[in-house]
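The lines below spell out each chain.
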Protein chains: 2
Amino acid sequence: MSMTGQLLIGQRAYRGENGEFRGLDAATGQTLEPAFGGAGLADLDRACSLAEAAFDDYRARPLEQRAAFLESIASHILALGDELVERCMQETGLSRGRIEGERGRTVGQLRLFAEVVRQGSFLNVRIDPAQPDRKPLPKVDLRLRNIAIGPVAVFGASNFPLAFSVAGGDTASALAAGCPVIVKAHSAHPGTSELVGRAIQQAVSLHGLPEGVFSLLFDTGRSIGQGLVGDSRIKAVGFTGSRTGGVALMNIAADREEPIPVYAEMSSINPVLLLPHALRERGAVMANEFVVSLTLGAGQFCTNPGLILAIDGPALRLFEEAAVEALEKAAAQTMLTTGIHGSYCQGTERLRAHAGVETLGQGLEGERYQARAALFATSAVAFLQGLALREEVFGPASLIVRCNNEAQFKQVISALEGQLTIALHISEADYPQVRGLLPTLENKAGRVLVNGFGTGVEVGHAMVHGGPFPATSDTRTTSVGSLAIKRFLRPVSYQDLPAALLPLELADANPLDVPRQINGGRVHD
Amino acid sequence: MSMTGQLLIGQRAYRGENGEFRGLDAATGQTLEPAFGGAGLADLDRACSLAEAAFDDYRARPLEQRAAFLESIASHILALGDELVERCMQETGLSRGRIEGERGRTVGQLRLFAEVVRQGSFLNVRIDPAQPDRKPLPKVDLRLRNIAIGPVAVFGASNFPLAFSVAGGDTASALAAGCPVIVKAHSAHPGTSELVGRAIQQAVSLHGLPEGVFSLLFDTGRSIGQGLVGDSRIKAVGFTGSRTGGVALMNIAADREEPIPVYAEMSSINPVLLLPHALRERGAVMANEFVVSLTLGAGQFCTNPGLILAIDGPALRLFEEAAVEALEKAAAQTMLTTGIHGSYCQGTERLRAHAGVETLGQGLEGERYQARAALFATSAVAFLQGLALREEVFGPASLIVRCNNEAQFKQVISALEGQLTIALHISEADYPQVRGLLPTLENKAGRVLVNGFGTGVEVGHAMVHGGPFPATSDTRTTSVGSLAIKRFLRPVSYQDLPAALLPLELADANPLDVPRQINGGRVHD
């Protein structure tokens, strides 16, 4: 397969005529061929029309067909082979190992959602049978199932060019729910986007699905992305990116005549709490693990450990020394885009220049667009003084907040905004203190983890990659793991619908063999 | 117990000093004693502080205690006896039978949620055990549960002074989820509100719960309600009322520094579709049932049948005649408030004066604040011309839309906004046509019902009282039935948390005996 720079609207591929742009080699900043034509409003309209037209057909397809379609997307992505890996490496500056790993995760996610679709719990089937003899009034027959919410707009993320982009978690979970998807490609990896988009397009055709199930748009500005969120045919939005970008989309969605849910995963500094006993017992080990996590993928993870909290003292200073020692050996790494690199440099510069901040150390110097890891320290008082030190610096930079005592330690925790993750490093002697902290930590984060770091997000059933604002726009949800499908579903109740008209999953005989809850009892298999 | 006109803030009761108002006798418009003192911003702040302080304590209480508390509220409401019934009748103009029935529903809801709490499915426990030997990377231990979202603001509804007011469905489901609740009383039934509020206050004390679990505020204007939604300590909002009111709260919530979910149940005209064969076979019977539903409780239900759709012809005209005949015998009924009565009169006047609308008939004339039922007809063309004929007229008025043919019938359905319910009246010969309509109806409404009317909302497990905007603000949810608890929960994932620190519902041995999903398999009891 080769890249053409074309929009993928349903089964068509044609060149957008609203300006053009090219991918850039992340390492050198040089432009890459081909040029990508930007979508215009007519293209957006066509994609939305097709999605709307496809919706009822697609969501009514047998679960097995939907599952096979998801698996087919996975196979088609793998079939792209090295062309995909190499283009993706070029566009993102990420290593072959990372891209291949991410491809594995992407394919794994698609297959996980295929299993979720087959298993059928997501339908949340509930049956309250009729009781015609009930007094004083007979009871009607009520049957509930979840149905797809409607066409979904997905915004590709720059930092996961495969796993959170065109065929990433948002797309996989929306397609699994029965929703057509229109992806607005991230301009940082257009070639990767087109290749993956064509893989989906082929799977749509192979499985005989209505073409509007998938479209891919390139946007030379912001009008297409904003137009998508504002379009009345779009019923939900998936987004991973900056807080500014996410909030802008939330506002567009809230201002629509019919407001719709936006699932934006935005901003998190992922505090790491070093408890006193653990810090004393194994500070140096923790410091080395911390630097590995901090510098992984040039720190370009939503779950990157951007903040360390501990009570000041010799143990913390030893931790700092060990961390600096490890950091100073850390090679600089190419960042995803020159823009992200620029922001990272500004962010670290801002910390370096801050009167209350001490620069503890930095990583090795690198090439022009490479990020040099950096570690800073500040006092709890300075940290609490304003929001300046609580903002995410996207990349391999972290800030240690030295607290004078336990009260101050708790005060800093209470002042934190919503987070994706909070990590605790603890020993058994710390348990009593941790027990007291857990209620607050649960209220602040979607995932609480022990003796590890938030990077390395397991794609499973018990994962929550979400959290209170500003970590995400909707703390009731996760964007990673099987629970992500719930974002694109809504319940519908059927009262006294004749058996001949019932959807199969609601039929008495349970021909689809889905889990069901009868009269509120436990779920029957 | 006697009414005092006091605010109930935690376990305190004292008089609000921000103005005062009195309840009105709905039938006569005369003021009732006592006067109720309005809350000021300091009272609001106190209630929010107490709720915040109570939150972690309350949500950590054993499930059995939470369930018993809900049941205790039910008992305390019943113990209010006739004082509650009589005050409620006076304030709302509703009949004794209706109020006693609604009290039964309110108590039933509280007991249902007690069962939901005990059963434990709402926790959505998921466990993905560790796999230390997995290659290439070991798998961490992940355990997920739902926790309460935080303190909830509930706005009492005028049309359900018990079942959707102080101890109604929103309050019951929020308390069941583990959330403290602050109720803003509806000014149409302050005495009813105080009596029920005191019943909750007693239950809080009896069960040794932190006092901030419940507070009740009276508001002489809008500042307290708006202030509640804007307060950073409030994490979700439950509201039943007008579209204007709901949208105003949605906007406040979206504009907060930390946006929060608003569950507003607002506006629905609940279309009733009369399919051709059914109409021919039993039009007269349907017409009589329709008038019963239309005039039930003076038409003051969110699910009142405000729109009838059918293809024009002799069968429809016979239906109309039968409906008018029944309607002309329908007694006028006192409305909930003079304001609602005034709006109803304006709404029916507007229809009567509309050039494209024919007045088919009306009910018997009544007293000053009583609503006279009314039935109108229009053409599909006139209906489609603008939004004027699609607005809800709250009360016993309905509009028949006569379609020329099936195409026009479908066109009108497609033009409908989101609804709580859509009812179908069908015979077996109509099934093929219905099969074609169902996908559209599912997309438009939270509940699709056959050969009945939306009034009479069964409180069960398979009920959805929700629907696309403007029926509600959040189509993913229901405000009636056990599923309503989900609105006040968020998932949290725990990674590698030592057994000694795990919440009981996540412990290996399952000491709470809650349903759990292990490795994404079916739920194990």
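Rules behind the numbers
- Residues numbered from 1 in each chain as written.
- Chains lettered and ligands numbered in written order.
- Predicted model: local features only at pLDDT ≥ 70, side-chain atom pairs only at ≥ 80, totals over all residues.
- Heavy atoms only, no water.
- UniProt positions renumbered as here; feature names shortened; annotations may be inferred.
- Buried < 20%, exposed > 50% of the residue type's maximum accessible area, 1.4 Å probe, protein only.
- Helix = DSSP H or I, 4+ residues; strand = E, 2+ residues; numbered from the N terminus.
- Pairing = 2+ DSSP bridges.
- Right-handed = clockwise from strand over helix to strand, strands pointing away.
- Least-squares fit on C-alpha atoms with pLDDT ≥ 70 in both.
- Contact = heavy atoms within 4.5 Å.
- Phe/Tyr/Trp six-rings, centres within 6.5 Å; stacked < 30°, edge-to-face > 60°.
- Core = buried A, V, L, I, M, F, W, Y, C linked by side-chain atoms within 4.5 Å.
- Axes fitted to C-alpha atoms, helices over the stretch in contact; angles between N-to-C directions.
- Buried area = accessible area lost by both parts, 1.4 Å probe.
- Salt bridge = Lys/Arg side-chain N within 4 Å of Asp/Glu carboxyl O.
- Polar contact = N/O pair within 3.5 Å; in protein donor to acceptor, adjacent residues only side chain to side chain.
- Nonpolar A, V, L, I, M, F, W, Y, C, P; charged D, E, K, R; others polar.

If you check an unreviewed UniProt entry, chain A appears there as 2,5-dioxovalerate dehydrogenase from Pseudomonas karstica. Under Sequence similarities (unreviewed entry), UniProt gives the following word-for-word description of chain A: "Belongs to the aldehyde dehydrogenase family."

Undergrad: I would appreciate a short explanation of the pairing of strand 13 (residues 307–311) of chain B in the present structure.
TA: If a strand is regular, its side chains alternate between the two faces of the sheet. All names here are of chain B. Among the 5 residues in strand 13, 4 count as buried, and that is most of the element. In this sheet, strand 13 lies alongside strand 12 (residues 271–274) in parallel orientation, the contact comprising 3 bridges. What sits directly across from Leu273, in strand 13, is Leu309. For the segment spanning strand 12, helix 9 (residues 276–295) and strand 13, crossover handedness is right-handed.

Undergrad: Whenever I open this one, the relation of the copies chain B and chain A confuses me. Can you help?
TA: When chain B is fitted to chain A, the residual RMSD is 0.0 Å, and the transformation amounts to a turn of 180° plus an axial shift of 0.0 Å. The relationship between the two copies is best expressed as a two-fold rotation axis. Looking at chain B, 100% of its interface residues are interface residues in chain A too, so the copies touch through the same face.

Undergrad: Please explain the packing of aromatic side chains as it appears in this structure.
TA: Each aromatic ring pair is summarised here by two numbers: the centre-to-centre distance and the angle between the ring planes. All names here are of chain A. Evaluation of the coordinates by the stated rule reveals 20 aromatic pairs over all chains. Each ring, one from Phe36 and one from Phe218, has its centre 4.8 Å from the other, and the planes form 55°; the classification is tilted. Separated by 182 residues along the polypeptide, Phe36 in strand 4 (residues 31–37) and Phe218 in the loop between strand 9 (214–217) and helix 7 (223–230) bring together distant segments of the chain. Assessed through its relative accessible area of 0%, Phe36 is described here as buried.

Undergrad: Help me understand the nonpolar core in this model?
TA: In globular proteins that are soluble, nonpolar side chains generally tend to be buried together. Core analysis: the biggest nonpolar cluster contains 268 residues, and A:Phe69, A:Leu273, A:Leu424, B:Phe69, B:Leu273 and B:Leu424 have the highest contact counts within it. When residues no more than four places from it in sequence are discounted, the contact partners of A:Leu273 are A:Leu309, A:Phe409, A:Ile413, A:Ile422, A:Ala423, A:Leu424, A:His425, A:Leu437 and A:Leu441.

Undergrad: Looking at this structure, how should I read the sheet that holds strand 2 (residues 12–14) of chain A?
TA: Strand pairing in a sheet relies on backbone hydrogen bonds. The paired strands run either parallel or antiparallel. All names here are of chain A. Taken in spatial order, the 7 strands of this open sheet run 2-1-9-8-7-10-11, and their pairing is mixed. With one partner strand each, in any of the chains shown, strand 2 and strand 11 (262–265) form the two edges of the open sheet. On average, each strand axis in the sheet is inclined to that of its neighbour by 20°, with strand direction left out of account. Where strand 10 (residues 236–240) meets strand 11, 4 bridges bridge the pair, whose relative direction is parallel. Pairing of Gly238 across the sheet is with Tyr263, part of strand 11. Seen against the sheet, helix 6 (residues 190–206) touches strand 1 (7–9), strand 2 and strand 9 and runs at an angle of roughly 160° to strand 9.

Undergrad: For this particular structure, what's the right way to read the interface of chain B and chain A?
TA: Where interface size is quoted, it is often the accessible area lost as the parts come together. Listed per partner, the contact involves 78 residues of chain B and 78 residues of chain A. Here chain B packs against chain A, burying approximately 6600 Å² in sum over the two surfaces, 52% of which is carbon and sulfur. Here chain B and chain A share 8 salt bridges between them. Taken together, chain B and chain A are joined by 46 residue pairs in polar contact (both at pLDDT 80 or more). The set of elements that each furnish at least two residues to the side of chain B that touches chain A consists of helix 1 (41–60), strand 5 (125–128), strand 6 (142–148), helix 8 (243–255), helix 14 (431–444), strand 20 (445–450) and strand 21 (489–495) of chain B. Split into classes, the residues belonging to the side of chain B that touches chain A amount to 38 nonpolar, 17 polar and 23 charged. The sheet contact formed by strand 21 (residues 489–495) of chain A and strand 20 of chain B spans 3 bridges and is parallel. Bridge pairing links A:Tyr494 to B:Val448 in strand 20 of chain B.

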